[in-house]
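Observations on the three-dimensional arrangement
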Amino acid sequence: MKRMMKIGIAGVSMFVFGTMFGWVLFPMVLKSQVHKQIALKEGSDMRAMWSKFPFALEFRIYLFNITNADEIKSGAKPIVKQVGPYYFEEWQEKTNLVDREEDDTVEYSIKNKWIFRADLSGEGLTGEEMLVLPHVFILAMVMTTVREKPTMVPVVNKAVNSIFKNPDSVFVKVRAMDMMFDGLPIDCTVTDFAGGAVCGMLRDAADDLMKDGPDKYRFSFLGAKNDTPTTKRLRVLRGVKNLMDVGVVVEYNGKTNISTWDDDYCDTFNGTDGTIFHPFLYENEDVVSFAPDLCRSLSTTYEEKTNIAGLTTNRYTAFLGDPNTIPSQRCYCPTPDTCLKKGVMDLFKCIGAPLVASHPHFYLADEDYLNMVDGLRPSKDDHGIFLDFEPFTGSPLSARKRLQFNIMIQKVEKFKIMKNFPEALLPLFWVEEGIVLPDYLIAQVKAGHKMVAIVGWMKWLMVVGGLGMSGAAGFMYYQATQKSKKLEITKAVTNGTKPGSTEKKISPINVNTLQAAQVPPNLD
């Protein structure tokens, strides 16, 4: 009995402990540790890595060389040829951090530094290639005027002739690196009325230009942003109070909403800053991040299971949308009555320039845009946006953010070098920002998974072992009770009576034990 009791008590104890530890205590400890590791608290490892990435992001730029510039001037369809990738290391840092304990937020500016790597670029590409590209600054001036103040086109025509010395085309032959980073010259030393008026506006909004001397500037796609903190600051939740809110944007440029689209839905911040996400991501949960360059939040939706370095991940993909069929996106239309077709987005309200964002090569966009230009070949693998998330920690193990910038061209009769232009959405360039988590960080994620797996095995071993021991003790008790009953029955039938028989057995008389009968005396 003592052995049976010991086994039973041990089994019940093991079962209770396994249940409590595996389903109550360990999840509490795990959640606490994850909270401690991921929250953006000052002094934490995650805060340090989030503030300044310890590794470079992959950054690739693809330019579209115009192969028939002269024919376009006469109304021909543009023909483009992609040149790239030009590979850059992108070192990202958040600067001038300011914490606010009262609402658990941190405010910062973003600083990106790009370093060219010819050895990782396309074959033979050095950045010195001479390409025929649109002069984006001239095109932006003209198309903005056509859009906002068409009667001022003749003035802009004179200003272009003054500042850019009577160009005969909006296409220029230029070094690839000049267009990407080093810049094209803008001479604002001119004194004529038209040129002076345009340069006056440039001086008031020169953040996107590089200074090149007194009243001289240089324009490029990314040069003014390189290694320079942004003036528009972000404020996000740190997740110290509520881990599931970590990284969520609550303010941009001093405003608590986007303040661009004149619509409550489109002007609401949704998602994180795109560099950190909460853990425990579920398949049916969209991964949403705010993109300052687009003045909107971009949602990615679950597509399929993937595998990265032996870890099961969830792949999420993105689509710019279609304001014609998605009512909530109509606020992205240029005007209430005019909308671009699916897969593209007008950025004029966002950046003040007539640029249009799309997926590279017009992937997922309306075919009308693809038919406006020759030389594009969209594909999902090369041009889609995707994120591969490890759902337990919320870590992006692999990601590709791809975005193309375009400009709409058309006939402008009062601007002589565009008076016969065709109508087309002309691609300028596209960028790919990629991340592949380094091996040492993937090893940390694997270690966390291994620990959880070990605990999972342990809790089930304890639960099953406890049930087994309790069952064994119960079986031993059953056997003992059956044996006890058998002994009682055996004692009851030792006189020779068959078990279950009602026949009475008369024992033989022992003469020696008989006593004389008490017989009354005979009186006779």
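The name given to the protein in an unreviewed UniProt entry is Sensory neuron membrane protein 1, with the source organism recorded as Nasonia vitripennis. Per UniProt, the comment on the protein under Sequence similarities (unreviewed entry) is "Belongs to the CD36 family." UniProt annotates the protein under Subcellular location (unreviewed entry) with the comment "Cell membrane".

1. Description of the overall build of the protein
Secondary structure summary: the protein contains eleven helices and 18 strands in total. Computed over C-alpha atoms, the radius of gyration of the protein comes to 40 Å, more than 25% over the 24 Å expected from 2.2 N^0.38 for 524 residues, which places it beyond the range of a compact globule. Principal-axis analysis of the C-alpha atoms places the extent of the protein at approximately 180 × 45 × 45 Å. Out of the 524 residues belonging to the protein, those deemed buried represent 46%. Restricting the contact set of the protein to residue pairs at least 6 apart, pairs at least 24 apart contribute 65%. Total accessible area on the protein is roughly 28300 Å²; 56% of this is exposed by carbon and sulfur atoms. The averaged location of the 62 negative side-chain charges in the protein is 8 Å from the averaged location of its 60 positive side-chain charges.

2. Quick look at the domain arrangement of the protein
Quite often, the size of an interface is put as the accessible area lost when its parts meet. Segmentation of the protein into domains returns domain 1 (1-54 + 450-478) and domain 2 (55-135 + 170-183 + 220-437). When the two sides are added together, the surface that domain 1 and domain 2 hide from each other amounts to roughly 1800 Å², 70% of it contributed by carbon and sulfur. Broken down residue by residue, the surface that domain 1 buries against domain 2 is led by I38, W50 and F53, which jointly contribute 38%. R47 serves as the salt-bridge partner of D99, at 2.6 Å between the closest nitrogen and oxygen. Elements that contribute at least two residues to the side of domain 1 that touches domain 2 include exactly helix 1 (2-38) and helix 2 (45-51). For the side of domain 1 that touches domain 2, the residue count by class is ten nonpolar, two polar and four charged.

3. Concerning empty space enclosed by the protein
If a probe the size of a water molecule is rolled over the atoms, the empty space left behind becomes visible. As enumerated under the stated definition, the model contains one cavity of 30 Å³ or more in all. Each pocket or cavity is described by its volume, and for the largest cavity that value is around 70 Å³. Around the largest cavity, the lining residues are R296, L320, P323, Q329, Y332, L340, K341, V344, M345 and D346. Per-element tally for the lining of the largest cavity: the top contributor is strand 14 (residues 344-346), with three residues.

4. A word on the sheet that holds strand 6 (residues 184-187)
Pairing in this open sheet of three strands is antiparallel, and the strands run 6-8-7 from one edge to the other. Edge positions in the open sheet fall to strand 6 and strand 7 (210-211), since each of these has one partner strand only. Relative to strand 8 (residues 216-219), strand 7 runs antiparallel, the two sharing two bridges. For M210, the partnering residue across the bridge sits in strand 8 and is R218.

5. Re helix 4 (residues 136-148)
The terminal C-alpha atoms of helix 4, which comprises 13 residues, lie 18 Å apart, in line with the 18 Å expected from a rise of 1.5 Å per residue. When helix 4 is considered as a whole, its buried residues turn out to be V136, F137, I138, L139, A140, M141, V142, M143 and T145.

6. Observations regarding helix 7 (residues 193-204)
Compared with the 16 Å implied by 1.5 Å per residue over twelve residues, the 17 Å span of helix 7 between its first and last C-alpha is a close match. Every buried residue of helix 7 is listed here: A194, G195, V198, C199 and L202. Down the axis of helix 7, the sector holding all buried residues measures 120°, keeping them to one side. Away from the buried face of helix 7 by more than 90 degrees, exposed residues F193, M201 and D204 are located. Contacts made by the buried residues of helix 7 are with helix 4, helix 5 (153-163) and strand 6. With a side-chain oxygen lying 3.5 Å from the backbone nitrogen of A194, the N-terminal cap of helix 7 falls on D192.

7. Here's the deal with unusual backbone geometry
The omega angle of the peptide bond from G84 to P85 is 5°, so this bond is cis rather than trans. Looking at the element boundaries, P85 is found in strand 2 (residues 80-100). The phi dihedral of N166 falls on the positive side, at around 50°, and the residue is not glycine. Among the structural elements, N166 can be located in the loop between helix 5 and strand 5 (171-175). Overall, the relative accessible area of 53% leaves N166 in the exposed class.

8. Topic: the packing of aromatic side chains
Inspection of every chain in the model, using the stated rule, returns 21 aromatic pairs. Arranged with centres 4.0 Å apart and planes meeting at 20°, the rings of F221 and F429 form a pair that is stacked. Taken together, the residues span a long stretch of sequence, with F221 in the loop between strand 8 and strand 9 (234-237) and F429 in strand 18 (residues 424-436) at a distance of 208 residues. Residues F221 and F429 agree in their burial class; the two are buried. With centroids separated by 5.0 Å and ring planes inclined at 85°, the aromatic side chains of W261 and Y332 adopt a geometry described as edge-to-face. With W261 in the loop between strand 10 (249-252) and strand 11 (287-291) and Y332 in the loop between strand 13 (311-318) and strand 14, this pair connects stretches of sequence that are 71 residues apart. Comparing W261 with Y332, the two get one shared label, buried. By the ring-pair criterion, three or more aromatic residues cluster together here, those being F59, Y86, F88, W114, F116 and F181.

9. A few points about the packing of helix 4 against helix 5
Where helix 4 contacts helix 5, the two axes come as close as 9 Å, and the packing angle between them is 165°. As far as their axial angle goes, helix 5 and helix 4 are roughly antiparallel. Crossing handedness for the pair helix 4 and helix 5: right-handed. Residue-level contacts link I138, M141, V142, T145 and V146 of helix 4 to V153, V156 and V160 of helix 5. Looking at the contact of helix 4 with helix 5, its residues break down into seven nonpolar, one polar and no charged.

Rules of the game
- Residues numbered from 1 in each chain as written.
- Predicted model: local features only at pLDDT ≥ 70, side-chain atom pairs only at ≥ 80, totals over all residues.
- Heavy atoms only, no water.
- UniProt positions renumbered as here; feature names shortened; annotations may be inferred.
- Helix = DSSP H or I, 4+ residues; strand = E, 2+ residues; numbered from the N terminus.
- Rg over C-alpha atoms; globule rule 2.2 N^0.38 Å.
- Buried < 20%, exposed > 50% of the residue type's maximum accessible area, 1.4 Å probe, protein only.
- Contact = heavy atoms within 4.5 Å.
- Areas by Shrake-Rupley, 256 points an atom, 1.4 Å probe, with all protein chains shown as cover.
- Lys, Arg positive; Asp, Glu negative; His and termini not counted.
- Charge placed at Lys NZ, Arg CZ, Asp CG, Glu CD.
- Domains from an automatic or database assignment.
- Buried area = accessible area lost by both parts, 1.4 Å probe.
- Salt bridge = Lys/Arg side-chain N within 4 Å of Asp/Glu carboxyl O.
- Nonpolar A, V, L, I, M, F, W, Y, C, P; charged D, E, K, R; others polar.
- 1 Å grid on protein atoms, 1.4 Å probe; cavity = no way out; pocket = protein on both sides within 12 Å on 5 of 7 lines; lining within 4 Å.
- Points joined across faces, edges and corners; volume = space filled by probe spheres on them.
- Pairing = 2+ DSSP bridges.
- Expected span 1.5 Å × (residues − 1).
- Arc of directions from axis to C-beta.
- Polar contact = N/O pair within 3.5 Å; in protein donor to acceptor, adjacent residues only side chain to side chain.
- Phe/Tyr/Trp six-rings, centres within 6.5 Å; stacked < 30°, edge-to-face > 60°.
- Axes fitted to C-alpha atoms, helices over the stretch in contact; angles between N-to-C directions.
- Parallel < 35°, antiparallel > 145°, perpendicular 65-115°, else oblique.
- Left-handed = near helix turned anticlockwise from the far one by under 90°.

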